[in-house]
Amino acid sequence: MGYYVDFELQIQNVDKVENLGESVAELCPDLVDSIQYNGGIAEDEVKSGFVVFNSKWNERENELIALSERYPELNITLFCRGEDDEMWVEFYKNGEFEEGTVNLEYSKTTLW
C-alpha cells in the first residue's frame, strides 16, 4: 500500500553516463510514472540531476538499486518527507543502498 512522500532526488555525475533517460524508462517505471503524473518530463528531469515530486513510490529501492548498478559512477541521494512529517534520506551507489536519519536542530540565539 504505502503513503504519500515528498521526494527530492539528486543524482550526481549524470554528465558522465550515456543513455540515462532510456535506462530510467526501462529500470524505473514507477519513477517515470510519478514524474509524469506530477507534470514533468521524466527524461529531462532525471538528466538534470534534480527531481522533486510527491508520490507513493513503493518500488524506489528496487528501481534505484538497479539504476545505480547499471551506472556505478552515479551518486544518488533521495531526501524523503512522509505524510506524518517523518524525514529520512536514502543513498544509492553501485547497486548498494543505505538509509540515514535526519536530525533537525534549531540554532541557538546569540541574543541572550
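The structure contained in this document is the topic of the report that follows. From a predicted model like this one, the values you see are computed outputs, not experimental measurements.

This part is about a nonpolar patch on the surface. A cluster of nonpolar side chains, namely Val102, Leu104 and Tyr106, defines an oily patch on the protein surface of about 360 Å² accessible area. By the secondary structure assignment, Val102 is in the segment after strand 5 (96-101).

Counting residues in each nonpolar core, the largest one holds 27 residues, and the members touching the most others are Leu20, Leu31, Leu67 and Leu74. Secondary-structure elements contributing two or more residues to this core are strand 1 (5-12), helix 1 (20-27), helix 2 (29-37), helix 3 (42-48), strand 2 (50-55), helix 4 (60-70), strand 3 (75-82) and strand 4 (87-93). For this core, the element with the most residues is strand 1, which contributes four residues.

Turning next to the pairing of strand 4. In the sheet, strand 3 pairs with strand 4 via six bridges, with the strands oriented antiparallel. Bridge pairing links Thr77 to Phe91 in strand 4. With antiparallel pairing between neighbouring strands as the criterion, strand 3 and strand 4 make up a hairpin whose turn holds four residues, including Asp85 at a positive phi of roughly 70°. Pairing of strand 4 with strand 5, which is carried by six bridges, proceeds in the antiparallel orientation. Each residue of the ladder has a partner; that of Lys93, found in strand 5, is Glu96.

Cut-offs and rules
Residues numbered from 1 in each chain as written. Predicted model: local features only at pLDDT ≥ 70, side-chain atom pairs only at ≥ 80, totals over all residues. Heavy atoms only, no water. Patch = residues over 30% accessible without salt bridge, like charges linked within 9 Å, V, L, I, M, F, W, Y side chains within 5 Å. Areas by Shrake-Rupley, 256 points an atom, 1.4 Å probe, with all protein chains shown as cover. Salt bridge = Lys/Arg side-chain N within 4 Å of Asp/Glu carboxyl O. Helix = DSSP H or I, 4+ residues; strand = E, 2+ residues; numbered from the N terminus. Core = buried A, V, L, I, M, F, W, Y, C linked by side-chain atoms within 4.5 Å. Buried < 20%, exposed > 50% of the residue type's maximum accessible area, 1.4 Å probe, protein only. Pairing = 2+ DSSP bridges.

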